[in-house]
Amino acid sequence: KECNRLRLADILVQPMQRLTKYSLLLKAIAKKTTYEGHLIHLQDMINHVVHFVSSVNSVLRHRHEQERLIEISKRIEAYDVVESKDDELERIVKNYSDLSLTQPMPGCPEHL
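Conventions used here
Residues numbered from 1 in each chain as written. Predicted model: local features only at pLDDT ≥ 70, side-chain atom pairs only at ≥ 80, totals over all residues. Heavy atoms only, no water. Axes fitted to C-alpha atoms, helices over the stretch in contact; angles between N-to-C directions. Helix = DSSP H or I, 4+ residues; strand = E, 2+ residues; numbered from the N terminus. Parallel < 35°, antiparallel > 145°, perpendicular 65-115°, else oblique. Left-handed = near helix turned anticlockwise from the far one by under 90°. Contact = heavy atoms within 4.5 Å. Nonpolar A, V, L, I, M, F, W, Y, C, P; charged D, E, K, R; others polar. Patch = residues over 30% accessible without salt bridge, like charges linked within 9 Å, V, L, I, M, F, W, Y side chains within 5 Å. Areas by Shrake-Rupley, 256 points an atom, 1.4 Å probe, with all protein chains shown as cover. Salt bridge = Lys/Arg side-chain N within 4 Å of Asp/Glu carboxyl O. Lys, Arg positive; Asp, Glu negative; His and termini not counted. Charge placed at Lys NZ, Arg CZ, Asp CG, Glu CD. Polar contact = N/O pair within 3.5 Å; in protein donor to acceptor, adjacent residues only side chain to side chain. Core = buried A, V, L, I, M, F, W, Y, C linked by side-chain atoms within 4.5 Å. Buried < 20%, exposed > 50% of the residue type's maximum accessible area, 1.4 Å probe, protein only. Expected span 1.5 Å × (residues − 1). Bend = angle between axes of the 7 residues up to and from the residue.

> Can you tell me about the packing of helix 1 (residues 8–32) against helix 2 (residues 36–75), naming the residues and giving the values?
As a packed pair, helix 1 and helix 2 sit with axes 9 Å apart at the nearest point and diverge in direction by 160°. One way to sum up the angle between helix 1 and helix 2 is to call them roughly antiparallel. The handedness of the crossing between helix 1 and helix 2 comes out as left-handed. Here Met16, Leu19, Thr20, Tyr22, Ser23, Leu26, Lys27, Ile29 and Ala30 of helix 1 come into contact with helix 2, specifically with Leu39, Leu42, Met45, Ile46, Val49, Val50, Phe52, Val53, Val56, Asn57 and Leu60. Class assignment of the residues belonging to the contact of helix 1 with helix 2 gives a composition of 16 nonpolar, three polar and one charged.

Rendered as structure tokens:
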């Protein structure tokens with residue numbers, strides 16, 4: 001009853017929406033401010049809020065992409081490329097045949 005029939009996903013988005021409104025609020029205050037000293041501090045706060053919201057958005061996007069990669073990797077079925085009668089050879093091949101989409105590719109630079 002207190003949630004106004006909102007789903008959980010809608011409720012979880014509300015704090016992020018509130019964060020994005022802070023810069024708009026500070027910009028509106030800055031438009032009405034006439035004292036130069038206050039205006040400098042307001043502009044500094046606006047820059048900090050914009051940077052913070054951008055970093056939060058980047059982290060959320062990265063987390064969402066990681067979750068999607070994990071789900072995709074679960075759908076890919078593994079198969080044995082080499083069938084051998086030697087247990088040691090099979091163990092060595094198994095170490096190099098795992099597919100992990102969330103790990104960096106060997107020989108490629110890691111980017112965030």
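Once you've had a look at it, read on.
> Quick one: what's the story with a negative patch on the surface, residue by residue and with numbers?
Side chains of Asp86, Asp87, Glu88 and Glu90 sit close together on the surface and give a patch of like negative charge. Locating Asp86 in the fold gives a position in the loop between helix 2 and helix 3 (87–96).

> Describe a nonpolar patch on the surface, listing the residues and the values that go with them.
A grouping of Tyr22, Leu25 and Ile29 is seen on the molecular surface, where their side chains present a nonpolar patch of about 280 Å² in accessible area. One can find Leu25 in helix 1.

> With reference to specific residues and values, describe the side chain of Thr33.
Looking at the secondary structure, you find Thr33 in the loop between helix 1 and helix 2. Within the local environment of Thr33, its side chain forms a polar contact with the backbone oxygen of Ile29, the two atoms lying 2.7 Å apart. In contact with Thr33, other than residues within four places in its own chain, are His38, Leu39 and Leu42.

> Can you explain the side chain of Ser23? Please cite residues and give values.
On the secondary structure map, Ser23 appears in helix 1. Sequence-distant contacts of Ser23, that is, excluding residues within four places in its chain, are made with Val49 and Val50.

> Quick one: what's the story with the nonpolar core, residue by residue and with numbers?
Grouped together as the largest cluster of nonpolar side chains are seven residues: Met16, Leu26, Ala30, Leu42, Ile46, Val49 and Val53. Of all elements in the fold, only helix 1 and helix 2 reach the threshold of two or more residues within this core. With four residues, helix 2 is the single largest residue contributor to this core. Among residues more than four places away in sequence, those in contact with Ile46 are Leu26, Lys27 and Ala30.

> Any details on helix 1? Residues and values, ideally.
For helix 1, with 25 residues, the first-to-last C-alpha span of 38 Å sits near the 36 Å given by 1.5 Å per residue. The largest bend along helix 1 reaches roughly 30° and is located at Gln14, with the proline Pro15 sitting one to four residues downstream.

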